[in-house]
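Here is what each chain is made of, one letter per residue.
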Amino acid sequence: MKYIVIILAYLCFAKVSSAQVIDENAGKTYYYYDVATQKKVKEIFHHKQVVKIMPDPNNYGSYIDTFMYLKNGPYTSYDEKGNLICSGYYIQEKKDSIWMYYNSKGDLLKTEKYKLGVLVK
């Protein structure tokens, strides 16, 4: 009976659940160093928190929960001087809609259109 309860609990909670989480600045802000351009980059984006619950392979009867943050919504990227690098929109970590890329002077370099991560034109 104990194992049936554990299996039922696992089946109920093993599915992926998600909830939109947006902080006070209308998105999550990350800074990182881009090795290719040798510059600090600032990203601002909305995200969706996804929770996965699965059995712990090292501890029978226990479960592991993992929190992941997926880009989902408006996205902007800036260089270390505050100049806009690119802007676009994500749906479940995939580029979607029109993406615009700029040079350091703020001039539009190119636009790309995506549909769920696939470059359309």
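Everything below is about the structure shown above.
Residues numbered from 1 in each chain as written. Predicted model: local features only at pLDDT ≥ 70, side-chain atom pairs only at ≥ 80, totals over all residues. Heavy atoms only, no water.

## Some points on the overall build of the chain
Part 1: Across its full length, the chain carries 1 helix and 8 strands.
Part 2: Reading the chain from its N end, one meets helices and strands in the order α-β-β-β-β-β-β-β-β.
Part 3: Within the chain, buried positions represent 23% of all 121 residues.
Part 4: For the chain, restricting intrachain contacts to residue pairs at least 6 apart in sequence, the fraction spanning at least 24 positions comes to 29%. (Helix = DSSP H or I, 4+ residues; strand = E, 2+ residues; numbered from the N terminus. Buried < 20%, exposed > 50% of the residue type's maximum accessible area, 1.4 Å probe, protein only. Contact = heavy atoms within 4.5 Å.)

## Thoughts on the side chain of serine 87
Part 1: Within the secondary structure, serine 87 sits in strand β5 (residues 84–91).
Part 2: What makes serine 87 buried here is its relative accessible area of 12%.
Part 3: Discounting chain neighbours no more than four positions away, the residues touching serine 87 are Tyr75, Thr76, Ile98, Trp99, Met100 and Tyr102.

## So, the packing of aromatic side chains
Any aromatic ring pair is given by two values, namely how distant the centres are and how the planes are angled relative to each other.
Part 1: The final tally for this structure, using the stated rule, is 4 aromatic pairs.
Part 2: With centroids separated by 5.4 Å and ring planes inclined at 85°, the aromatic side chains of tyrosine 75 and tyrosine 90 adopt a geometry described as edge-to-face. Taken as a pair, tyrosine 75 in strand β4 (residues 63–78) and tyrosine 90 in strand β5 lie far apart in primary sequence, 15 residues in all. The two residues tyrosine 75 and tyrosine 90 agree in class, both being buried.
Part 3: For the pair tyrosine 75 and tryptophan 99, a centre-to-centre distance of 5.3 Å together with 35° between the ring planes defines the contact as tilted. Residue tyrosine 75 is located in strand β4, and its partner tryptophan 99 is located in strand β6 (residues 94–102); the two are separated by 24 residues in the primary sequence.
Part 4: By relative accessible area, tyrosine 75 is classed as buried at 6%.
Part 5: Members of the aromatic cluster, each reached through a chain of ring pairs, are Phe45, Tyr75, Tyr90 and Trp99. (Phe/Tyr/Trp six-rings, centres within 6.5 Å; stacked < 30°, edge-to-face > 60°.)

## Remarks on the pattern of salt bridges
Part 1: Tallied over the entire structure, the rule returns 2 salt bridges.
Part 2: The residue glutamate 43 makes a salt bridge to lysine 71 at a minimum N-O spacing of 3.6 Å. On the criterion of sequence distance, the pair formed by glutamate 43 in strand β3 (residues 39–55) and lysine 71 in strand β4 is long-range, its members being 28 residues apart. Of the two residues examined, glutamate 43 and lysine 71, each falls in the buried class.
Part 3: A salt bridge links lysine 110 to glutamate 112; its shortest N-O distance comes to 3.2 Å.
Part 4: The exposure class assigned to lysine 110 is partly exposed, which follows from its relative accessible area of 42%.
Part 5: The exposure class of glutamate 112 is buried, given its relative accessible area of 13%. (Salt bridge = Lys/Arg side-chain N within 4 Å of Asp/Glu carboxyl O.)

## Some points on the nonpolar core
Part 1: With 7 residues, the main nonpolar core is built from Phe45, Tyr75, Cys86, Tyr90, Trp99, Tyr101 and Tyr114.
Part 2: At the level of elements, β5 and β6 are the ones that each hand at least two residues to this core. (Core = buried A, V, L, I, M, F, W, Y, C linked by side-chain atoms within 4.5 Å.)

Just distances and angles here, no functional claims.
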